[in-house]
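# Commentary on secondary and tertiary structure
The chain contents come next:
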Amino acid sequence: MSTAAAAGALSVRPQRTTLIALCFAAVFICYVDRVNISLAIASMASEFGWNKTTSGFVMSSFFIGYLITQVPGGALAGRFGGKHVLAGGVLLWSLFTALTPPAAFASFGALVAARVLMGMGEGVTFPSIYALFSRWVPATRRSRAVGLVFSAIPLGTVFAQLATPALVTSFGWPWAFYAFAAFGLVWWAAWQPLTSSGPESHPRVSAAELRELASDSEAPSTAATPPLRALLGSTAVWAIVVGHFCSNWGTYVMLSWAPTYFLERFAVDFHAIGLYVMAPSIVSFLCLNAAGS
């Protein structure tokens, strides 16, 4: 594509580009806030006298909330708009990221509750983004948009793995939560005026962008939406579910316990621990970008 053609294409879809960039930022912050505790947990366990079982329960309680809002998040995004549900999710998880240290000092139950509520906020992230992309991104370009947003996962993970030890050693482990919670507030301040749930309600969307999306929506559909029963009875769907479960099991075991393993087994300096545990995320980022190119 020539420079002129590229500039013309960008002028057609500036609002879509902004939306995708901010969704990328939301996922980046989501994983920063999700991963930081796996590094801060060593200092927390030392201060509160936790054993490995207690530390594991603290880290895994996030996923209870994350599970609860996955399906409702998609339904809410379809009814009220992905913009509002994603904004609410970011504010919720940012609030309970910031409240993690006070909750830990209050009681173990309060800490678990804070982590569950944080997980509930993060659980609506991807359902909301998918709902937004279904309205903003033409079907032929959605895979690339989703791939770009997914590449924020390893980037956010690496950032947390490098920045958290620096914050913990310089200011104490609570600042690994306070500082990262502020990212969500900055994101929300940009998200509110720059996006909308659909292009038709955006005050600055161009007529050319609306025509492009309208022509895509008018394309004839050859397949009806399958009922839930048919999906649950599909071996292909269950193959995806099992594969995703196995992938996530290994991923989150590594994210949660690799820092502690390196610290205790090899006596790695805590300030440099991120350099040892970020390798899987770097590989993941390279693979995602190779697949999307």
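In this report, the structure presented in the accompanying data block is examined. Every chain's residues receive numbers from 1 upward, in the order its sequence appears when written. Per-residue local features of the predicted model are confined to residues with pLDDT of at least 70, and side-chain atom pairs are confined, for both listing and counting, to 80 or more; whole-chain, interface and lining totals are unaffected and use all residues. To get the side-chain values, all heavy atoms of the structure are used, and hydrogens and water are removed first.

### Points about the layout of surface pockets
Considering only enclosed or pocket space, the largest pocket measures out at about 1800 Å³ in volume. Surrounding the largest pocket, 45 residues form its lining, Tyr66, His244, Phe245, Asn248 and Tyr252 being those nearest its centre. In this text, helices come from DSSP runs of H or I with a minimum length of four residues, and strands from runs of E with a minimum of two, each type numbered from the N-terminal end. Elements with a minimum of two residues in the lining of the largest pocket: helix H2 (14-48), helix H3 (52-68), helix H4 (70-80), helix H8 (125-136), helix H10 (152-171), helix H13 (228-232), helix H14 (235-265) and helix H16 (279-292). The greatest single-element share of the lining of the largest pocket, amounting to 16 residues, is contributed by H14. The definitions used throughout rest on a 1 Å grid laid over the protein atoms alone, on which a cavity is an enclosed set of points accommodating a 1.4 Å probe that cannot get out and a pocket is an open set flanked by protein within 12 Å on both sides along at least five of seven lines; lining residues are those having an atom within 4 Å of a point. Grid points are joined across faces, edges and corners, and a volume is the space filled by probe spheres set on the points.

### Examining the packing of H8 against helix H9 (residues 142-150)
Describing two packed helices takes the angle between their axes plus the distance from one axis to the other. Between the N-to-C directions of two axes lies an angle of 0 to 180 degrees, each axis being a line fitted to C-alpha atoms and, for a helix, fitted only over the stretch in contact. At their nearest, the axes of H8 and H9 sit 11 Å apart, and the two run at 150 degrees to each other. In terms of orientation, H8 and H9 fall into the roughly antiparallel class. In the packing of H8 onto H9, the handedness of the crossing is right-handed. Residue-level contacts link Phe126, Ile129, Tyr130, Phe133 and Ser134 of H8 to Arg142, Ala145, Val146, Val149 and Phe150 of H9. Throughout, the ten residues Ala, Val, Leu, Ile, Met, Phe, Trp, Tyr, Cys and Pro are labelled nonpolar, Asp, Glu, Lys and Arg are labelled charged, and all others, Gly among them, are labelled polar. Taken together, the residues that form the contact of H8 with H9 break down as 8 nonpolar, 1 polar and 1 charged. For classification, angles of less than 35 degrees are called roughly parallel, those exceeding 145 degrees roughly antiparallel, those between 65 and 115 degrees roughly perpendicular, and all remaining angles oblique. Left-handed describes a crossing in which the near helix is turned anticlockwise from the far one by less than a right angle; the clockwise case is right-handed. Throughout, a contact is declared for two residues whenever any of their heavy atoms are within 4.5 Å.

### Digging into empty space enclosed by the protein
Tallying each qualifying case throughout the model produces 1 cavity of 30 Å³ or more. Each pocket or cavity is described by its volume, and for the largest cavity that value is around 110 Å³. Lining the largest cavity, in full, are Arg34, Val35, Ile37, Ser38, Met59, Phe62, Phe63, Arg115, Tyr252, Leu255 and Ser256. Looking at which element gives the most residues to the lining of the largest cavity, the answer is H2, with 4 residues. Here the lining of the largest cavity is built from residues that sort into 7 nonpolar, 2 polar and 2 charged.

### Looking at the packing of aromatic side chains
To pair, rings of Phe, Tyr and Trp, with the six-membered ring standing in for Trp, must have centres within 6.5 Å; the planes then decide the type, stacked if under 30 degrees apart, edge-to-face if over 60, and tilted in the middle. For the structure shown, the criterion picks out 24 aromatic pairs. Plain terms: the ring middles of Trp175 and Tyr178 are 5.3 Å apart, the flat faces sit at 85 degrees to each other, and that makes the pair edge-to-face. Here Trp175 pairs with Tyr178, and both are found in helix H11 (residues 175-194), just 3 residues apart, close to one helical turn. To sort residues, take the accessible area from a 1.4 Å probe on protein chains only and compare it with the maximum for the residue type: under 20% means buried, over 50% means exposed, and anything in between is partly exposed. Classification of Tyr178 as partly exposed rests on a relative accessible area of 30%. For the cation-ring pair, Arg265 lies above Phe266, with the distance from its terminal atom to the ring centre recorded as 5.2 Å. We call a charge positioned over a ring when the NZ of a Lys or the CZ of an Arg lies within 6 Å of the ring centre and within 35 degrees of the ring normal.

### What to know about the side chain of Ser61
Within the secondary structure, Ser61 is located in helix H3. A relative accessible area of 1% means that Ser61 is categorised as buried. Every residue in contact with Ser61, bar those within four places of it in the chain, is listed here: Val112, Arg115 and Val116.

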